[in-house]
Amino acid sequence: MHESEILRRGLDTFAELGYAGTTMRELARRLGVSHNFVHERYGSKDDFWRAVVDFALRDAQPTLDRLLAECRDDDERLRSVIVHLYRLAANDSAMNRLLSDESTRDSSRLDHLHQRFIKPFWDSVEPVVDSLMAAGRIPRVPAHLLYFAVTGPALALAQDPIADRLDPDNLPTAAHDRNAMADALSALVLRGLLPPRP
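Cut-offs and rules
- Residues numbered from 1 in each chain as written.
- Predicted model: local features only at pLDDT ≥ 70, side-chain atom pairs only at ≥ 80, totals over all residues.
- Heavy atoms only, no water.
- Phe/Tyr/Trp six-rings, centres within 6.5 Å; stacked < 30°, edge-to-face > 60°.
- Buried < 20%, exposed > 50% of the residue type's maximum accessible area, 1.4 Å probe, protein only.
- Lys NZ or Arg CZ within 6 Å of the ring centre and 35° of its normal.
- Helix = DSSP H or I, 4+ residues; strand = E, 2+ residues; numbered from the N terminus.
- Expected span 1.5 Å × (residues − 1).
- Arc of directions from axis to C-beta.
- Contact = heavy atoms within 4.5 Å.
- Polar contact = N/O pair within 3.5 Å; in protein donor to acceptor, adjacent residues only side chain to side chain.
- Axes fitted to C-alpha atoms, helices over the stretch in contact; angles between N-to-C directions.
- Parallel < 35°, antiparallel > 145°, perpendicular 65-115°, else oblique.
- Left-handed = near helix turned anticlockwise from the far one by under 90°.
- Nonpolar A, V, L, I, M, F, W, Y, C, P; charged D, E, K, R; others polar.
- Patch = residues over 30% accessible without salt bridge, like charges linked within 9 Å, V, L, I, M, F, W, Y side chains within 5 Å.
- Areas by Shrake-Rupley, 256 points an atom, 1.4 Å probe, with all protein chains shown as cover.
- Salt bridge = Lys/Arg side-chain N within 4 Å of Asp/Glu carboxyl O.
- pLDDT = per-residue confidence, 0-100.

Caption draft 1: Layout of the packing of aromatic side chains. Within this structure, the stated rule accounts for eight aromatic pairs. Centre to centre, the rings of F14 and Y19 are 5.9 Å apart; their planes meet at 15 degrees, and the pair counts as stacked. With a relative accessible area of 2%, F14 lands in the buried category. A relative accessible area of 16% places Y19 in the buried class. Each residue in the set F14, Y19, F37, Y42 and F48 is aromatic and connected to the rest through ring pairs, giving one cluster. Cation over ring: K45 sits above Y19, and NZ or CZ is 4.2 Å from the ring centre. Directly above the ring of Y19 sits R109, whose terminal nitrogen or CZ lies 3.9 Å from the centroid.

Caption draft 2: Summary view of helix 11 (residues 178-193). Here helix 11 contains 16 residues, and its C-alpha end-to-end distance of 22 Å stays within 8% of the 22 Å for a straight helix at 1.5 Å per residue. Within helix 11 the residues assigned to the buried category are R178, A182, S186, V189, L190 and L193. Along the axis of helix 11, the buried residues cluster in a sector spanning 95 degrees; they form a single face. Opposite its buried face, helix 11 presents the exposed residues A184, L188, R191 and G192, each directed more than 90 degrees away. For helix 11, the secondary structure elements touched by its buried residues are helix 6 (74-91), helix 9 (143-156) and helix 10 (160-166). Put simply, D177 is the residue that caps the front of helix 11, since its side-chain oxygen is 3.0 Å from the backbone nitrogen of N179.

Caption draft 3: Summary view of the packing of helix 7 (residues 93-102) against helix 8 (residues 108-134). Relative to each other, helix 7 and helix 8 sit at 120 degrees, their axes nearing to 9 Å. Relative to helix 8, the element helix 7 is oriented oblique. As helix 7 runs across helix 8, the sense of the crossing is left-handed. Residues M95, L98, L99 and E102 of helix 7 lie in contact with helix 8, whose contacting residues are R109, L110, L113 and F117. Here the contact of helix 7 with helix 8 is composed, by residue class, of six nonpolar, no polar and two charged.

Caption draft 4: Representation of the environment of V38. Here V38 is to be found in helix 3 (residues 37-42). In the structure, V38 is positioned 66 residues away from T104 in sequence and 26 Å away in space, judged by C-alpha atoms. Beyond its immediate chain neighbours, meaning those up to four positions away, V38 contacts M24, L27, L31, G43, S44, K45 and F48.

Caption draft 5: Fine view of a nonpolar patch on the surface. Taken together, the side chains of V141, L145 and F148 define a hydrophobic patch exposed on the protein surface, amounting to about 260 Å² of accessible area. With respect to the helices and strands, L145 occurs in helix 9. Residue class for L145 comes out partly exposed when judged on its relative accessible area of 43%.

Caption draft 6: The confidence of the model for the protein, seen in detail. On average, residues of the protein score 93 in pLDDT, and 100% of them reach the 70 mark or higher. The element-level mean pLDDT for the protein is lowest in helix 10, coming to 88, with helix 4 (residues 45-56) highest at 97.

Following this line, the structure appears as structure tokens:
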């Protein structure tokens, strides 16, 4: 089996069961490998988890940097970032669930996520946010509140079971056009956060 498939299956397993609930035996079963495979190839469950996350997020920052560079102004930059982030979240629910789960625990895994993904993401977006706050385009609030306002709805895009219960007469959420769903949510968030210029 190709390594990318092993890492993808690892991501799906950690996302579904959580780190603590993922045993080495279950990993081996889901990966279709021997019980010792993860130890021999990656060293430990923790090292395998890090390899999975690094694999899943390998293109995130270069893509974001390119997107920011292509925009004309800060309004467009913030809109593009939010649309892009929500589309990523809608189309990769496993990574989305893993991020959501790990963000609730103070751990070395959260340190890894913060260092490798969250901080670089926020460092790229913060100058845009500061500029928009200075111009009065978005409210002045602490950074963590703005982070939650932007990322909270994105994390919710992995919550198909509750979405189906809230809208039982509609098609199952998993069958929806995921980009259209992400775009509708980003438009709703942006209307409140960054209203159109008069």
